[in-house]
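Working through the structure, step by step
Take a look at the letters that make up each chain.
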Amino acid sequence: MQQPEPQSFERVLSSMCTEPHPAARAAAERFLASNPGDPATYETIGTLETRAVEGLATLTDHPDPADAAGYVTAGGTEANIQAVRSARNRHTTDDVSVVAPESVHFSFHKAASLLDVELRTVPLDDDYRAVPDAVAAAADESTALVVGVAGSTEYGRVDPIPALSEVASAVGARFHVDAAWGGFVLPFTDHAWSFADAAVDTLTIDPHKFGQAPVPAGGLLAREDAALDALAVDTPYLETRSQATLTGTRSGAGVAGTVAALDALWPDGYRSAARRAIENARWLASALADRGYDVVEPTLPLVAAAVPTPTFERLRERGWRVSRTGAGELRVVCMPHVTRSVLRAFLDDLDRVRG
Ligand SMILES: *Cc1c(COP(=O)(O)O)cnc(C)c1O
C-alpha cells in the first residue's frame, strides 16, 4: 500500500501554521513517547518544559523569565480556556463575565461555554481594533477577565494593550493578551503587547504558529504563580502533587520541538523571519491594490482583500489554499513558507483567473 503523503506547504496561504524548523522536527521525533504531564517519570521532558517556558517568557518580556509560571499547551485554544478558567477561579462574584473585542478568537466562545461564564464582545473601531472606552462600558464587578488581542486572526490587528490593561485594573479584573499567532513577530515591531508594556496577567503565545515548532505546541504564561495555582488539581497516583494543565498526557514532541526551535531561532532567526514576512505582506497588499482590489493594509503579516467569490473559487480549484474573513475577503497569512516566489506564482494565477 502506498504511504499517504502530508500536504505540501507550497500553496498553503490560509494557515497560521508552517513548516517546522528541521531541528524542531528532529527533536519532536525523539520525544514522541515522552509525557510532560508526568515529569516525575519523564524527567528530561520535564526539564525541557522548564526551558521552553523560560524561552517564551524571555520573548514576552516576563519580569522573571527563569522562574516564570506557564506551560506548553496543546495550542492557543487550551491556553485561552485556561486563562479564562484561572481568572474565573480567582474572581469573587458568583456570576462571572469576560469582556473582549469582537475580534477575539473563537476559542473564547468555547471557554465561555465550558466554564459557564458570560462572554461580552464589544464592537471594534474602523481599523478592527478594540475600543478601550467601549470595553470599559461593557465591564462591571462580575468581570473576571478583560482580553486584548495582539495579532488578530482575521486582520492581524494589535489592540491598544496598555489602555485595555488600565480598563481591567479599574474594574478589578485580570488582563489577558492573546498573542497566539502574533507573539513571535511582535518582539521585532514597535507594538506594545508584552508583560513589560502593560499590567498583563496572562498571555497566550503559540510556538506551533510563527514559532516554527511542530504541532501541538501552544503556550500559556502568567505573571504570577497564583494564576497557575488557581488551576491546579490534586493528582493522587502521580509522584508530582498536583497538575495545572487542562489535558493529562501531553505531547513531548511539542515541548522538545519548542525548545529546539527557540534554540535555533531566538532571536536572530525569528527576527529575519518576521521582517521577511512583514515585507512580503506589504508587497502582496500593494500588488493586490494595483489590481484594483480593496485591501486591508497589513500591520502584521496578514493581508485581506476584497476578491470576488468566483475568482476566489478558481484560485481554490488551482490548488491555492486560501480562506476568507467573516466579511468575505480573501485572507493570506504570510507565514515563513510563503516566500516571495510563492506569492509571485499566486499573483500569476490570480491574473489568469480574474474576470
Ligand atoms: C490560532 C489562534 C488561536 C487558537 O490557537 P490553536 O493553536 O488553533 O488552538 C487563538 N487565538 C489566536 C489569536 C489565534 O491566532
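Bear in mind that the values here come from a model prediction, so they are computed numbers and not experimental data. (Residues numbered from 1 in each chain as written. Predicted model: local features only at pLDDT ≥ 70, side-chain atom pairs only at ≥ 80, totals over all residues. Heavy atoms only, no water.)

**Quick notes on the overall build of the protein**
Within the protein, the regular secondary structure consists of 11 helices and 13 strands. Compactness check: the protein gives a C-alpha radius of gyration of 20 Å against a globular reference of 20 Å for 355 residues, within 12% of the reference. Across the protein, the fraction of contacts at a sequence separation of at least 24, relative to all contacts at a separation of at least 6, is 71%. Roughly 15400 Å² of accessible area belongs to the protein as shown, and the carbon and sulfur atoms make up 47% of that amount. Charge centroids of the protein, computed over 31 positive and 48 negative side chains, lie 8 Å from each other. (Helix = DSSP H or I, 4+ residues; strand = E, 2+ residues; numbered from the N terminus. Rg over C-alpha atoms; globule rule 2.2 N^0.38 Å. Contact = heavy atoms within 4.5 Å. Areas by Shrake-Rupley, 256 points an atom, 1.4 Å probe, with all protein chains shown as cover. Lys, Arg positive; Asp, Glu negative; His and termini not counted. Charge placed at Lys NZ, Arg CZ, Asp CG, Glu CD.)

**Points about the domain arrangement of the protein**
In terms of domains, the protein is made up of domain 1 (22–265) and domain 2 (268–353). The distance between the C-alpha centroids of domain 1 and domain 2 comes to 28 Å. In this complex, domain 1 contributes 24 residues to the contact, which on the side of domain 2 involves 25 residues. Buried surface at the junction of domain 1 and domain 2, summed over both partners, amounts to about 2000 Å²; 66% is from carbon and sulfur atoms. Put simply, domain 1 and domain 2 have 0 salt bridges between them. Connecting domain 1 to domain 2 are 10 residue pairs in polar contact (both at pLDDT 80 or more). (Domains from an automatic or database assignment. Buried area = accessible area lost by both parts, 1.4 Å probe. Salt bridge = Lys/Arg side-chain N within 4 Å of Asp/Glu carboxyl O. Polar contact = N/O pair within 3.5 Å; in protein donor to acceptor, adjacent residues only side chain to side chain.)

**A short note on the packing of helix H3 (residues 76–90) against helix H4 (residues 107–115)**
In helix packing, the relevant descriptors are the interaxial angle and the interaxial distance, both defined with respect to the helix axes. Relative orientation of the contacting elements H3 and H4 amounts to 45°, with a least axis distance of 9 Å. Considering the angle they form, H3 stands oblique to H4. Read as a crossing pair, H3 and H4 show a hand that is right-handed. Here H3 contributes Thr 77, Asn 80, Ile 81, Val 84, Arg 85 and Arg 88 to the contact with H4, which in turn contributes Ser 107, Phe 108, Lys 110, Ala 111, Leu 114 and Leu 115. (Axes fitted to C-alpha atoms, helices over the stretch in contact; angles between N-to-C directions. Parallel < 35°, antiparallel > 145°, perpendicular 65-115°, else oblique. Left-handed = near helix turned anticlockwise from the far one by under 90°.)

**Side note on unusual backbone geometry**
Both trends apply: most residues other than glycine have a negative phi, and most peptide bonds are in trans. Cis geometry is adopted by the peptide bond preceding Pro 216, which originates at Val 215 and carries an omega value of 5°. Along the polypeptide, Pro 216 turns up in the loop between strand S6 (202–204) and strand S7 (218–222). Between Trp 266 and Pro 267 the backbone carries a cis peptide bond, its omega angle lying at -5°. By secondary structure assignment, the location of Pro 267 is in the loop between helix H8 (252–265) and helix H9 (268–290). Located in the positive-phi region is Asp 116, a residue other than glycine, with phi close to 60°. Mapped onto the elements of the fold, Asp 116 is located in the loop between H4 and strand S3 (118–122). A relative accessible area of 70% means that Asp 116 is categorised as exposed. A positive phi angle, close to 60°, is found at Gln 212, a residue other than glycine. (Buried < 20%, exposed > 50% of the residue type's maximum accessible area, 1.4 Å probe, protein only.)

**Structural notes on helix H2 (residues 43–59)**
Relative to the 24 Å expected for 17 residues at 1.5 Å per residue, H2 spans 25 Å between its end C-alpha atoms, a close match to the ideal helical length. For H2, the full list of buried residues reads Ile 45, Gly 46, Leu 48, Glu 49, Ala 52, Val 53, Gly 55, Leu 56, Ala 57 and Leu 59. Lining the buried residues of H2 we find strand S1 (69–73), S7 and H8. Positive backbone phi, at 60°, marks Asp 61, one or two positions downstream of H2. (Expected span 1.5 Å × (residues − 1).)

**What to know about the sheet that holds strand S13 (residues 330–333)**
Taken in spatial order, the 4 strands of this open sheet run S10-S11-S13-S12, and their pairing is antiparallel. Of all strands in the sheet, those with a lone pairing partner are strand S10 (295–296) and strand S12 (323–324), marking the two edges. In this sheet, S13 lies alongside strand S11 (residues 302–305) in antiparallel orientation, the contact comprising 4 bridges. Bridge pairing in S13 places Ala 304 opposite Arg 331. Against the sheet, H9 engages S10, S11 and S13, with an angle of about 10° to S11. (Pairing = 2+ DSSP bridges.)

**Thoughts on the environment of Gln 2**
Summarising the element assignment, Gln 2 is placed in the segment before helix H1 (22–30). Note: C-alpha distance between Gln 2 and Ala 222 (220 residues apart in sequence) is 46 Å.

**Focus on H4**
Turn by turn, an α-helix covers 3.6 residues, leaving residues three or four places apart pointing in a common direction. Turning to H4, its buried residues number three or more, namely Ser 107, Phe 108, Ala 111, Ala 112 and Leu 115. Buried residues of H4, seen end-on, are gathered within an arc of 145° and therefore sit on one face of the element. Residues of H4 that are exposed and point over 90 degrees away from its buried face: Ser 113 and Leu 114. (Arc of directions from axis to C-beta.)

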